Amino acid sequence: MERELKALEPGHTQSGARRGRAAKSAAAAVVDLKEKLAKPSQIGMDLITFEVMRNAFVAACYEASTTIERVAYHPVVGMGRDRSNALLTRDGRLVAHGFTDAAAHYASFGPSVRELLKDAPLETMRQGDTFLFSDPYRCGSHVNDTRLIRPIFFEGEIVAFACTVIHWADMGGPNPGTFNPEATTCYAEGIRVPPIRLFKQDKLDEELWSFIAINIRGSIERRADLQAQVEASKLIEARVQELCRRYGRDTLYQAFEEQFDYSERLMLAEVAALPDGAWEFEDWGDQDVNSPGKPPIYVHCRMTKKGTKLSFDWSKSGPQPKASWGASYATLTGGNYLGFMICFPQLFPLNEGIIRNIEILSKKGTCVDVVEPAPTTGYCSGAFDKVEAVTIACLAGPLGKVQPWRVYPAAVSLTNLCMGGYNPRTKKQFVQYTYAVGGENARTFKDGKSLIFMRFCNARTIPQELEERWFPVMFTRYEARPDSCGHGMRRGGFGLVREFEVLTDVTMTIHGDREKFTPFGIAGGLNAGGSMLIVNKGTKREMNAGMYATGVPVHKGDRIYYSSAGGGGFGNPLEREPELVLEDVIDEWLSPEAARKYYGVVIKTKDPEALDHRIEWAATKKLRAQLKKKKFPEGTGAHQVHPLGKKVKVAWIPTEEEVAPHITISRPPGW
């Protein structure tokens, strides 16, 4: 943990206004270079046709995702949007995905199609064939993310592929929901599905389906979810065929290649504008629950940038854990790509033009490149989340010098809560899957957002009314968790607390992280508050289940307190405007005690019912002077100064007005 974030390139420092002017000049140079390198005149086809087609590719995927949202059965797919759609070339290169798709799925599309082609060559496919595929080692992610892949035919030739992904609420295994933090191999995590031709000429193979159905919970529900995927893939197919009829097959192929080249030019221009050098960062998973002493899990990256070449080396990460936390190489690339796209959202959508220009190095047998049969259901709560966060932290090195508005601390980690049992109201078995959301990371120019999950672009909080309708639970609390943010000059967002009573006996599993090693702050900002899951909080039967509770029996009448982590902070909290601290106290985001402890702001409450809180200015000035001498404790836990995060520096702190011209671009909601 003592390793520092290092900017290894040579350089010199400036101070005060001179450094600010130099940094802003560097930002202007970035804009000039990007305009010079990414000229529309380099496109080799009619510009209007190019724009129509490249936007049509994204629109088709977005329309397909909206179809799944309307048709799918389980709330986590429909309302929660745990689904994605993509268009790929006939050799498996990613062309586009939807605006509101799950960003964690992006990198799995290409490997899924390319691996399919190894088992089922193009010449063996027929019109209407559709393949089911779910293998973390070949596709990425985890077994719950099922892929339905459909070859798109036009005039008897395969011209492209449609790939739809949704999270099936259950894929078998010992625990409802399939998540299994204590799994020692993939064989305790539900069924893996190799590429199988589940639909032949648009007709479901009932024998194959029966084999899957008998091994999973809620198979009738999953069949309904499967049908949503089928309709989405058919819609993408129809849209591509329309483009072929209107513009011709050759124009479609040309538009694919031109889009790749166009995205590549934009990306290389962005990378070329950054200073050369090498940067390192590291992060930790809370624990390997199956190893003696439950040690933390180490993730490390060294990023190098020279000219237009960008390389990420993860080979120094810790060994493959015994428990379910690690990631396959395909998942590693997904976290890496997502971290990059978060810093460069103007490059949306991710496609082959970007993918082929990011070098990702790893070592087999490490936690970010596990070897079969290592367990992998941890996925987004485990290695994927840390890879994403470390990628962003490494990019903060060069971006902090020229584009500080693209520098971010860590955000909330996904945690997966699953419960299953018999629902006395519906008289059926059920599987409830609920993930944690919010708060997001601070920005250098603005506070982080609360109660939402922006980094995954699509994810929405499932309303408690819908969960109460579907599952035997009754919510008693659904609100922000006070003081859970990463405190800073710009604070992170606040976590979401959901407390509910279970109305029947259930089996509960939580597969999460970030309880101990919480989302880190940068540049002196504090780490956020961590994730929590407590059963019967505040009673004699209180039990802190932590983030790795596996197959725990929970009884009728028990209450579950489930809270996400907050987002990391930016900058010293003692430099935050006292008026903003007061606003947070009035809004009940912050307690007056936290305002004193972390921000040095003394607030006197005149009338709590009327929310009449006032700053004691003389006492605040005195307290801040005292706190500056003491300094905040360093560490990787909640509300500490992260020892590596504090090394991240920005050349200047931009204002919202200064940033606005750089982020008012066409981009998907949430980025």
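What counts and what doesn't
- As a convention, each chain's residues are numbered from 1 in the sequence order in which they are written.
- Thresholds applied to this predicted model are a pLDDT of at least 70 for local features of residues and 80 or more for the giving and counting of side-chain atom pairs; totals over whole chains, interfaces and linings are not thresholded and use all residues.
- Heavy atoms throughout the structure, all of them, feed into the side-chain values; hydrogens and water do not.
- Labels follow the DSSP assignment, with helices taken as runs of H or I lasting at least four residues and strands as runs of E lasting at least two, numbered in each case from the N terminus.
- With the radius of gyration taken over C-alpha atoms, the globule rule is written as 2.2 Å times the number of residues to the power 0.38.
- Whether two residues are in contact is decided by their heavy atoms: any pair within 4.5 Å suffices.
- Only the protein chains shown count as cover for residues, with accessible areas throughout obtained via the Shrake-Rupley method and a probe of 1.4 Å.
- In this tally Asp and Glu are treated as negative and Lys and Arg as positive; neither His nor the chain ends contributes.
- Think of each charge as sitting on NZ of Lys, CZ of Arg, CG of Asp or CD of Glu.
- Classification of residues uses two cut-offs on accessible area relative to the type maximum, computed with a 1.4 Å probe and protein chains only: under 20% is buried, over 50% is exposed, and between them is partly exposed.
- Note on pairing: DSSP must find at least two bridges between two strands before they are called paired.
- The pLDDT score gives, residue by residue, the confidence of the prediction method on a 0 to 100 scale.
- Throughout this description, the term nonpolar core refers to a set of buried Ala, Val, Leu, Ile, Met, Phe, Trp, Tyr and Cys residues connected via side-chain atoms within 4.5 Å.
- For Phe, Tyr and Trp, rings pair up if their centres lie within 6.5 Å, where Trp contributes its six-membered ring, and each pair is then called stacked (planes under 30 degrees apart), edge-to-face (over 60) or tilted (otherwise).
- Throughout, a disulfide means two cysteine sulfur atoms within 2.5 Å of one another.
- What counts as an axis is a line fitted to C-alpha atoms, over the stretch in contact for a helix, and the angles between N-to-C directions run from 0 to 180 degrees.
- For salt bridges, the criterion is a side-chain nitrogen of Lys or Arg within 4 Å of an Asp or Glu carboxyl oxygen.

Draft legend 1. Focus on the overall build of the protein chain. Across its full length, the protein chain holds 16 helices and 22 strands. In terms of overall size, the protein chain behaves like a compact globule, its C-alpha atoms giving a radius of gyration of 25 Å where 671 residues would be expected to give roughly 26 Å. Dimensions along the principal axes, computed over C-alpha positions, put the protein chain at roughly 80 × 65 × 50 Å. The long-range fraction of contacts in the protein chain, counting pairs at least 24 apart against all pairs at least 6 apart in sequence, stands at 75%. In the form shown here, the protein chain has an accessible surface area of approximately 25,200 Å², with 52% of it arising from carbon and sulfur atoms. Of the charged side chains in the protein chain, 85 are positive and 81 negative; the average position of the first set lies 4 Å away from that of the second.

Draft legend 2. Quick look at the pairing of strand β13 (residues 428-435). With respect to burial, β13 is a largely interior element, six of its eight residues being buried. Count of turn residues in the strand β12 (residues 416-423)/β13 antiparallel hairpin: four residues, of which lysine 427 carries a positive phi of about 60 degrees.

Draft legend 3. Structural view of the confidence of the model for the protein chain. Per-residue pLDDT for the protein chain has a mean of 91; in total, 92% of the residues score no lower than 70. Ignoring residues within four places in sequence, the model shows residues 1-19, a span with pLDDT below 50, making 36 contacts including any to other chains. Scored below 50 in pLDDT, residues 666-671 shows 15 contacts in the model against residues more than four places distant or in partner chains.

Draft legend 4. Broad picture of the sheet that holds strand β15 (residues 496-502). The five strands are arranged β14-β15-β20-β17-β18 in an open sheet whose pairing can be described as antiparallel. With partners counted over all chains shown, the strands left at the sheet margins are β14 (473-480) and β18 (543-544), one partner each. Relative to strand β20 (residues 559-563), β15 runs antiparallel, the two being bridged by five bridges. Residue valine 497 lies in a different strand from β20, and its bridge partner there is serine 563.

Draft legend 5. Summary view of the nonpolar core. Counting 164 residues, the largest nonpolar core has Phe57, Leu87, Trp314, Phe340 and Met508 as the members making the most contacts within it. Tallying contributions element by element places helix α11 (residues 383-402) first for this core, with 12 residues. Not counting residues up to four positions away in its chain, the partners in contact with phenylalanine 57 are Leu87, Val95, Ala96, Leu243, Leu252, Ala255, Phe256 and Gln259. By size, the runner-up hydrophobic cluster in this structure holds 21 residues, among which are Phe494, Ala595, Val601 and Ile603.

Draft legend 6. A look at the packing of aromatic side chains. A full pass over the atoms with the stated rule returns 19 aromatic pairs. Between the aromatic rings of phenylalanine 99 and phenylalanine 348, the centroid separation amounts to 5.4 Å while the plane-to-plane angle is 20 degrees, which identifies the pairing as stacked. Of this pair, phenylalanine 99 sits in the loop between β2 (94-97) and α4 (109-119) while phenylalanine 348 is found in the loop between α9 (329-343) and α10 (352-355), placing the two residues 249 residues apart along the sequence. Exposure remark for phenylalanine 348: the relative accessible area of 12% places this residue in the buried category. Taking 4.9 Å as the distance between ring centres and 45 degrees as the angle between the ring planes, the aromatic pair formed by phenylalanine 281 and phenylalanine 520 counts as tilted. In this pair, phenylalanine 281 sits in strand β8 (residues 277-285) while phenylalanine 520 sits in the loop between β16 (506-511) and β17 (532-535), placing the two residues 239 residues apart along the sequence. When sorted by exposure, phenylalanine 281 lands in the same class as phenylalanine 520, which is buried. Ring pairing ties together the aromatic residues Tyr73, Phe430, Trp470 and Phe471, which thus form one cluster.

Draft legend 7. Representation of the pairing of strand β22 (residues 612-615). Residues His613 and Ile615 point to one face of β22 and are all buried, whereas Asp612 and Arg614, pointing to the other face, are not buried. Alignment of strand β21 (residues 603-607) against β22, held across four bridges, turns out to be antiparallel. Bridge assignment links isoleucine 603 to a residue of β22, and that residue is isoleucine 615. Here β21 folds back onto β22 in antiparallel fashion, the turn holding four residues, of which leucine 611 has a positive phi close to 55 degrees.

Draft legend 8. View of the state of the cysteines. The tally for this structure, following the rule as stated, stands at zero disulfides. The thiol sulfur of cysteine 301 is not disulfide-bonded, and the nearest other cysteine sulfur, from cysteine 394, lies at 4.3 Å. Here cysteine 301 falls in the buried class, since its relative accessible area comes to 0%. In this model cysteine 343 remains outside any disulfide bridge; the closest cysteine sulfur is found in cysteine 394, 10 Å from its own.

Draft legend 9. Structural detail: the sheet that holds strand β10 (residues 309-313). Here four strands make up an open sheet; going across it, the order is β8-β9-β10-β11 and the pairing mixed. The open sheet has two edge strands with one neighbour each: β8 and β11 (358-361). Sheet twist, expressed as the mean angle between neighbouring strand axes with direction ignored, is 15 degrees. Across five bridges, strand β9 (residues 297-306) lies against β10 in antiparallel orientation. The residue bridging methionine 303 from the neighbouring strand is phenylalanine 312, located in β10. The strands touched by α11 within the sheet are β8, β9 and β10, with β8 carrying the most contacts at an inclination of about 150 degrees.

Draft legend 10. Just the environment of tryptophan 325, in detail. Relative to the assigned elements, tryptophan 325 resides in the loop between β10 and α9. On the basis of relative accessible area, tryptophan 325 is assigned to the buried category, the value being 2%. Along the backbone, tryptophan 325 and leucine 399 are 74 residues apart, and their C-alpha atoms lie at a distance of 30 Å. Once residues lying within four places of it in the same chain are set aside, the contact partners of tryptophan 325 are Gly285, Ile297, Val299, Cys367, Pro375, Ser381, Gly382, Ala383, Lys386, Asp513 and Tyr548.

Draft legend 11. Structural view of the side chain of aspartate 513. You can see aspartate 513 is positioned in the loop between β16 and β17. The residues contacting aspartate 513, other than those within four sequence positions of it, are Trp284, Gly285, Asp286, Trp325, Ser381, Lys386, Ser413, Thr415, Ser531, Met547 and Tyr548.

Draft legend 12. Up close: the side chain of glutamate 467. Within the element layout of this structure, glutamate 467 appears in helix α12 (residues 464-470). Despite its burial, glutamate 467 pairs with no opposite charge; the closest candidate is arginine 498, at 4.4 Å N-O.

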